[in-house]
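Tertiary structure, described
Residue-level listing of the chains:
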Amino acid sequence: MSEKPIAIVTGGGIGIGAACCRALAREGFRVGIHYRSSEDQAKAVLAEIGDGFLLQADLADIDQVKEMVSRLKETVGGVDVLVNNAGVAVNADINTMRIEQFDAQRAMMRGTWYLIKRVLRLFMLRKNSGRIINIGSVVGHTGNAGQIPYTMEKAALDAFTKSLAKELTGRNILVNSVAPGFIDTAMTEILPEEIQQQILANVPLGRMGEPDEIAEVVAFLATRGSYITGSVIHVNGGLYGG
Ligand SMILES: NC(=O)c1ccc[n+]([C@@H]2O[C@H](COP(=O)([O-])OP(=O)(O)OC[C@H]3O[C@@H](n4cnc5c(N)ncnc54)[C@H](OP(=O)(O)O)[C@@H]3O)[C@@H](O)[C@H]2O)c1
């Protein structure tokens, strides 16, 4: 078994997750790159970082989450850092959104909760050590038209971070959220140009963020930041101050 600490990044094949995998590998972690459908991209990230492994699961499916954690137990035997990055934004206003779309958003939240529960039980609580980093969003704080379930999920994730940090008092497991602003990934690429320009007009730094600019904060929370827990770190070019 590797002597390196193990970091798992959900949704590690593309976007912010892939940047987190690279940043954590640079910090000396053996990185478990989780993906759902971006297998080729996840393999490419693995080839780039060298020391790591792949994990496939749809986090909306509890059985697949359970199976993934069991596989982790058999293969690597420990998890030191868990980055809950995987996310989906279901976009539609309240008038047009269907119940199934709402449920698709909610299923992700449930899967993330269950993954954290299992990783705590099997690895971190046994070792009395760990770092959990949840990727929230600025819109969980500001709200956003056309994204009610997504903003609900992200606000809930930050509340989860704060409550879990309190539940883990005395266990040497730090739990924090990173809330990105407007970052250049597949998730934002699909937004109409007009909406992108409207968002950018409110960003004092006048540009989108890069995935690496989120990943460097994640790497800090994973390796340093020893007196930070239950916090939400905003990384948004000044769009929102927290
Ligand atoms: N980009 C932004 O401006 C921005 C702003 C604020 C917050 N965020 C948050 O940052 C995180 C990463 O976003 P991104 O911009 O990098 O998005 P992205 O490029 O669209 O990537 C989304 C990731 O989530 C994974 N995923 C989605 N549904 C999943 C499911 N059911 N099970 C497992 N994995 C699933 C995808 O995996 P596969 O591709 O393998 O299916 C993919 O890796 C998300 O939580 C997002 O909400 C992004």
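Each value, and the rule that gives it
Residues numbered from 1 in each chain as written. Predicted model: local features only at pLDDT ≥ 70, side-chain atom pairs only at ≥ 80, totals over all residues. Helix = DSSP H or I, 4+ residues; strand = E, 2+ residues; numbered from the N terminus. Buried ≥ 20, exposed ≤ 12 C-beta atoms within 10 Å, placed from the backbone. Contact = placed C-beta atoms within 7 Å. Near = placed C-beta within 6 Å. Pairing = 2+ DSSP bridges.

**A short note on the environment of Asn 176**
Its place among the elements puts Asn 176 in strand β6 (residues 173-180). Residue classification places Asn 176 among the buried positions, given that 26 C-beta atoms sit within 10 Å. Sequence separation of Asn 176 and Leu 72 is 104 residues, and the distance between their C-alpha atoms is 23 Å. With residues near it in sequence (within four places) discarded, Asn 176 still touches Ile 133, Thr 161, Leu 221, Ile 228, Thr 229, Ser 231 and Ile 233.

**Description of the environment of Ile 33**
Its location among the elements puts Ile 33 in strand β2 (residues 30-35). The exposure class assigned to Ile 33 is buried, which follows from the 29 C-beta atoms found within 10 Å. The spacing of Ile 33 and Ser 177 is 144 residues in sequence and 19 Å in space, taken between C-alpha atoms. Aside from chain neighbours lying at most four places away, what touches Ile 33 is Val 9, Gly 12, Gly 13, Cys 21, Ala 42, Val 45, Leu 46, Gly 52, Leu 54 and Leu 55.

**Things to note about the site of the ligand**
Around the ligand, 28 residues are found, and the nearest of them are Gly 11, Gly 15, Arg 36, Gly 87 and Thr 185. Elements with a minimum of two residues in the shell around the ligand: α1 (15-26) and α7 (186-189).

**Some words on the pairing of strand β4 (residues 81-84)**
The alternating pattern of β4 places Val 81 and Val 83 and Leu 82 and Asn 84 on opposite faces, both of which are buried. Strand direction decides the pairing type here: strand β1 (residues 6-9) and β4, joined by three bridges, are parallel. Paired with Val 9 across the strands is Val 83, a residue of β4. Bridge analysis of β4 against strand β5 (residues 130-135) gives four bridges, and the strand direction is parallel. Within β5, the residue paired with Val 83 across the bridge is Ile 133.

All quantities given are derived from atomic positions and should not be read as evidence of function.
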